[in-house]
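Residues per chain, in single letters:
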Amino acid sequence: RVVGLASVTVENTGDREGAHALMLYAAPPLPEAERLLTGAPKQTLVDFATVRLIPGESTTVRIELRAHDLTYASKQGQRITISGLWRFWTGTADESDKDVG
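All residue numbers here refer to positions counted from 1 along the written sequence of the relevant chain. Per-residue local features of the predicted model are confined to residues with pLDDT of at least 70, and side-chain atom pairs are confined, for both listing and counting, to 80 or more; whole-chain, interface and lining totals are unaffected and use all residues. Just so you know, side-chain values use all the structure's heavy atoms and leave hydrogens and water out.

A.B. asks: I'd like a rundown of the packing of aromatic side chains, residues and numbers included.
C.D. replies: For this analysis, a ring pair means two rings from Phe, Tyr or Trp (six-membered ring only for Trp) whose centres lie within 6.5 Å, classed as stacked if their planes differ by under 30 degrees, edge-to-face if by over 60, and tilted for the remaining angles. Tallying each qualifying case throughout the model produces three aromatic pairs. Ring centres of Tyr72 and Trp86 lie 6.2 Å apart, and the angle between their planes is 15 degrees; this geometry places the pair in the stacked category. Taken together, the residues Tyr72 in strand β5 (residues 71-73) and Trp86 in the loop between β6 (79-81) and β7 (87-92) connect sequence positions 14 residues apart. Neither residue differs from the other here; Tyr72 and Trp86 are each classed as buried. Only runs of H or I of at least four residues qualify as helices and only runs of E of at least two qualify as strands under DSSP, and these elements are numbered from the N terminus. Any residue under 20% of the maximum accessible area for its type is buried, any over 50% is exposed, and the rest in between are partly exposed; the area is computed with a 1.4 Å probe on protein chains only.

If you want it as structure tokens, here you go:
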């Protein structure tokens, strides 16, 4: 079930054609996640899209957010929905090691 949509405009500002992976990340409300799941990750990759653009070209990338994306697996393997205010942001493969703090 789709519960949201991320929409991002990407532009090739360089002088060569290229492809880039655009990634959608999510961070659960940490106090709630830590209460429900010991060692819950601070962020998770929701989905990604690869974009190929010629110089000066731009496009809008849309990534669907599904209800399943707002869950984590418990130690017993059951999916747990984490309620509260989630944070979402986009990044690239070059930025994937950044900590959300």
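Next comes the rest of the account.
A.B. asks: Could you give an account of the confidence of the model for the protein chain, with specific residues and numbers?
C.D. replies: The predictor's confidence in any single residue is recorded as pLDDT, a number from 0 to 100. Of the residues in the protein chain, 81% have a pLDDT of 70 or more, and the chain-wide mean is 83. Confidence scores differ between elements of the protein chain, with helix α1 (residues 30-36) showing the lowest mean pLDDT of 68 and strand β4 (residues 58-66) the highest of 94. When checking whether two residues touch, look at their non-hydrogen atoms; a contact exists if any pair is within 4.5 Å. In this model, residues 96-101 is a region of pLDDT below 50 whose contacts with residues beyond four sequence positions or in other chains number 12 contacts.

A.B. asks: I'd like to hear about the side chain of Thr71, residue by residue, with values.
C.D. replies: Within the fold, Thr71 resides in strand β5. For Thr71, a relative accessible area of 11% gives the class buried. Engagement of the side chain of Thr71 in a polar contact is seen with the side chain of Arg79, the distance being 2.9 Å. Filtering out sequence-adjacent residues up to four positions away, Thr71 remains in contact with Arg79, Ile80 and Thr81. For this analysis, a polar contact is any N or O atom pair within 3.5 Å, provided that within protein one partner can donate a hydrogen and the other can accept it, and provided that sequence-adjacent residues contribute only side-chain to side-chain pairs.

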